[in-house]
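An overview of the molecular structure
This is what each chain is made of:
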Amino acid sequence: MCGIFGYVGNRSNAAGLAVNGLKSLEYRGYDSWGVAWKEGSALGLRKETGKISGINPESLPACSLAIGHTRWATHGGVTAANAHPHLNEDRTIAVVHNGIIENYQELREELKAKGHVFLSETDTEVIPHLIEEYLKETDDFAHAVRLACQRFTGRYGILAVHTTSDTIVAARTGSPLIVGKAPDGFFIASDTPAFLEHTRTVQYLDDGEMVITNGKSIIFSDLKTGEEKLKREIEITWSIDEARKGDYAHFMLKEIMDQKESVARAVNQNEEEIIEVARAIENARGTFLVGCGTAHKACMAGEHFFSIVAGKHVNVAPASEFKLYHRFLRPESLLIAVSQSGETADVLEAIQVAKSKGAKVLAIVNSPGSSIARAADYTLLINAGPERAVASTKALTGQLAVLMLVAYALAGKLAEGKKLLLETASMINDMLNPRYADYLSRVADHIKAKEDLYIIGRSWNYPMALESAIKIQEVSYIHAEGFAGGELKHGPIALIEDGMPCIVLAGNDEVLPDILSNAVQLKARGGYVIGVAPERNEIFDEWIRVPDAGAAQPIVNIIPIQVLAYFLAVQRGKDPDMPRNLAKSVTVK
Ligand code: M6R
C-alpha cells in the first residue's frame, strides 16, 4: 500500500521522473499523490487528491533531487493535506512514508508539547517533526533520521530529504524499498517498475537497514548501529514492455491475455528444485499453505491438488489467521507462503510465526527479490511477469500451475504433471481468441444490470467459485458470492430469485453429477444458470465452454470468469485497473 519514489543524480528532471515513477506505482494506492523537490536551498511541493495520471511531468520545475508518494489512505481521509510528502513547519524537511507508525499518537502529543503544529491527520507527519527535534542534537541529517526511526513502532519504508543536503535518506522496517542504480544517479522506490525504464540493476533493503545517497555514491547501513553494510547488486530480468499496457485498454485485460504464455512460464521450473521442495513436503510433519485473497484461493485449490494427485494432506489458512496456528507448529513443520507481490503484510507475519517455531518456509511468489522470497528457505517463482492490475489474474494461474507441479512431483509423476500443464497452456492460448472474448462480452451485457450474482463449485472448483466472486466484486462492484455447491441447500439457496445469475463451475471429474444436481436446484428457484464446463448440459441457460483439462480444470475454468469480470467492470463504467478502496500490494495488517 502506498508507493514511494525518490531520485537523486545528474538529471535535471527529478520531479518529472518522480511523477512518471509514481504513475507506475499507482497500483499500490491511488487516492492522492505528491512530490517534493529540491529547488536551490528550498523545497518545492505539489500535492493533490485523485490519480496522478493527468499531470504532465514536464510541468514541474527542473531539479536533480525529488521524492514522491502515491497514497492508499490509512490515517486520515483523502485530502491534499493528508497526502504525502509531509513537511516540518519551516519546510526544511520532507518525508514520504509507506506503512504505519503505530505509536504516532504518543509521539504527536510529545511533539505538540514542544510547540510543533500539525497540519494533517496522518501518522506520517510526526516523522519530519521528530527529525527536526533530533537535528537540535546533531547536524548530521542521516543521523537525525536514524535517531527518529529508533522511536517508531510499526512498519515503515521512508524517504527523507533536507534543504541543507543533496542526499536522500531512506529507512526500511517492514515496508519494501528497492534501490535502482543507474549510470547517472540512484532511484529508491517501493517496487521496480517505478524505475525499470532507467535501470535494471537493483539492491534490496532489508528490514532494519538505512541508505544514504547523494546520486554519486550510496551507503547501506544498519538502522540501529550505523554500521556499514555491503549489498549485492541484482539484475532484474523483467522487461519494460512486460510492465506496460501496450495496445490494451487496461492492464487487467493485458494480464488476462498474458496467460497465453505465462502458464507455460510457470511450468518452466528447475526440476531439481521442484523435487527438493516435494521432498521437504514429504518429510514435513505438518504442511501449511497460506496466502491472502486470490493467493489464498490458490492455496485452497492446492489442497485438492495435493490430495487428489498425491494423496497428501495439507492444511490451508488465510495468512491473516495463521498466527492462531502457532500451537500446531514445530521445527519439522513446513509453511508454504503464496503471494504475487511477495510483500503482503499478513503473509510476512505468518512467516514470522512459522520461523519463531523453527519451521521451514517455501515461498511461491511472482516478484523475485521480494521480502517473502528473501525470508524463505526455498523459493519457487511463478514467472508471470509484472502484474499491475489490482485484480490478480495471471498470478493466480501461475500459482495454481506451480502448486500442481509440486503435487505431481510429490506423487513421483513430475513429467506427467508438466505435460498436462503444457497442454493446458496451449489450450489457454486457443481459448483466449477474439470470438471467445466477444461471447463473454455478450454474457456480461446480459447480466451487467444485476446487483447480485452467485457462483458455485465443488472440489477444486469450490475455491475457484470463491475466487470468481472476488474477481467480480472487486472490479464490477456487483455483489457476488461463491459457495460450495453442496452448501447451497443449507442456507444460501434462500437468496435465489427469479432471473438471478448463478454461475456453475464444473469439470469432468468425480463431483460432476453432484454439481449438476446443485445447478438443477438453482434453476428450480428461478436462477439463470451459466455453466462453465467442458460439455453443454440442458440445465445451462448459458454455456461457457472450457477445455477438458483434467487436474488443471480449475486453471481453465477461472479464465472466462476473469474475462467476464473485466467486461462487467467496463460495461458498468468502472476502471478495472484501479477499483475503489483497494490497493495491489497490501502491506498493512
Ligand atoms: O500480492 P499477494 O498475492 O500477496 O496479494 C494477495 C491479495 O491481496 C490479492 O490476491 C488480492 O486479493 C487481489 N486484489 C485479488 O484480485
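The structure we're discussing is the one just above.
In this report, the structure presented in the accompanying data block is examined. This is a predicted model, so every value here is computed, not measured.

Rules and cut-offs
- Residues numbered from 1 in each chain as written.
- Predicted model: local features only at pLDDT ≥ 70, side-chain atom pairs only at ≥ 80, totals over all residues.
- Heavy atoms only, no water.
- Pairing = 2+ DSSP bridges.
- Helix = DSSP H or I, 4+ residues; strand = E, 2+ residues; numbered from the N terminus.
- Axes fitted to C-alpha atoms, helices over the stretch in contact; angles between N-to-C directions.
- Contact = heavy atoms within 4.5 Å.
- 1 Å grid on protein atoms, 1.4 Å probe; cavity = no way out; pocket = protein on both sides within 12 Å on 5 of 7 lines; lining within 4 Å.
- Points joined across faces, edges and corners; volume = space filled by probe spheres on them.
- Nonpolar A, V, L, I, M, F, W, Y, C, P; charged D, E, K, R; others polar.
- Polar contact = N/O pair within 3.5 Å; in protein donor to acceptor, adjacent residues only side chain to side chain.
- Near = heavy atom within 4 Å.
- Areas by Shrake-Rupley, 256 points an atom, 1.4 Å probe, with all protein chains shown as cover.
- Sits in = over half its atoms within 2 Å of the grid points.
- Buried < 20%, exposed > 50% of the residue type's maximum accessible area, 1.4 Å probe, protein only.
- Right-handed = clockwise from strand over helix to strand, strands pointing away.
- Phe/Tyr/Trp six-rings, centres within 6.5 Å; stacked < 30°, edge-to-face > 60°.
- Lys NZ or Arg CZ within 6 Å of the ring centre and 35° of its normal.
- Parallel < 35°, antiparallel > 145°, perpendicular 65-115°, else oblique.

Description of the sheet that holds strand β17 (residues 315–318)
Sheet architecture is open: 5 strands sit in the order β17-β16-β18-β19-β20, paired in parallel fashion. Each edge of the open sheet is held by one strand with a lone partner, namely β17 and β20 (378–381). Averaged over neighbouring strand pairs, the angle between their axes works out to 20° when direction is ignored. Bridge count between strand β16 (residues 287–291) and strand β18 (residues 334–339): 4 bridges; the pairing is parallel. What sits directly across from T287, in β18, is L334. Sheet strands touched by helix α6 (residues 271–283): β16, β18, β19 (360–365) and β20. Its angle to β20, the strand with the most contacts, is close to 130°.

Remarks on empty space enclosed by the protein
All told, the structure shown has 3 cavities of 30 Å³ or more when counted by the stated rule. Of the pockets and cavities examined, the largest cavity occupies roughly 220 Å³. Every residue lining the largest cavity is counted, 21 residues in all, and those nearest its centre are Y27, D191, W238, S341 and S367. Its residues assigned to classes, the lining of the largest cavity comprises 8 nonpolar, 7 polar and 6 charged. A volume near 60 Å³ is recorded for the second largest cavity.

Brief notes about the environment of S59
The topology assignment puts S59 in the loop between β3 (42–49) and β4 (65–71). A distance of 2.5 Å separates the side chain of S59 from the backbone oxygen of N56, its partner in a polar contact.

Structural notes on the site of the ligand
S339, Q340, S341, T344 and E474 are the nearest of the 15 residues found near the ligand. One nitrogen or oxygen atom from the main chain of S392 is found 2.8 Å from an oxygen atom belonging to the ligand. Between the ligand and E474 there is a distance of 2.4 Å, counted from an oxygen atom to a side-chain nitrogen or oxygen. About the coverage of the ligand: the protein hides 91% of its 410 Å² of free accessible area. Its atoms largely coinciding with the cavity grid, the ligand occupies the largest pocket. Of all elements in the fold, only α7 (293–310) and α13 (461–476) reach the threshold of two or more residues within the shell around the ligand. By residue class, the composition of the shell around the ligand is 6 nonpolar, 7 polar and 2 charged.

Overview of the side chain of S190
Within the fold, S190 resides in the loop between β10 (185–189) and β11 (201–204). Given a relative accessible area of 2%, S190 falls into the buried group. At 2.7 Å, the side chain of S190 and the backbone nitrogen of I4 are in polar contact. Apart from residues no more than four positions distant in its own chain, S190 is found in contact with C2, G3, I4, L25, R28, N98, P176 and I178.

Digging into the pairing of strand β22 (residues 479–484)
One ladder, built from 6 bridges, connects strand β21 (residues 452–457) with β22; its direction is parallel. Each bridged residue has a counterpart across the sheet, and for Y454 the counterpart in β22 is E481. Crossover connection from β21 via α13 to parallel β22: handedness right-handed.

A short note on the packing of aromatic side chains
Summed over all chains, the structure comprises 11 aromatic pairs. Plain terms: the ring middles of F152 and Y156 are 5.6 Å apart, the flat faces sit at 80° to each other, and that makes the pair edge-to-face. The buried category is assigned to F152, whose relative accessible area is 8%. Ring centres of Y566 and F567 lie 5.4 Å apart, and the angle between their planes is 65°; this geometry places the pair in the edge-to-face category. The exposure class assigned to F567 is buried, which follows from its relative accessible area of 17%. Among the aromatic residues, ring-to-ring pairing joins F5, Y7, F187 and F195 into one connected group. Lying over the aromatic face of Y477, R580 brings its terminal NZ or CZ to 3.9 Å of the ring centre.

Concerning the packing of α6 against helix α10 (residues 394–410)
Where α6 meets α10, the axes come as close as 9 Å, and the angle between the chain directions of the two elements is 70°. When the interaxial angle is binned, α6 and α10 end up roughly perpendicular. Residue-level inspection shows I274, V277, A278, I281 and E282 of α6 in contact with α10, the latter providing L405, V406, A409 and L410. By residue class, the composition of the contact of α6 with α10 is 8 nonpolar, no polar and 1 charged.

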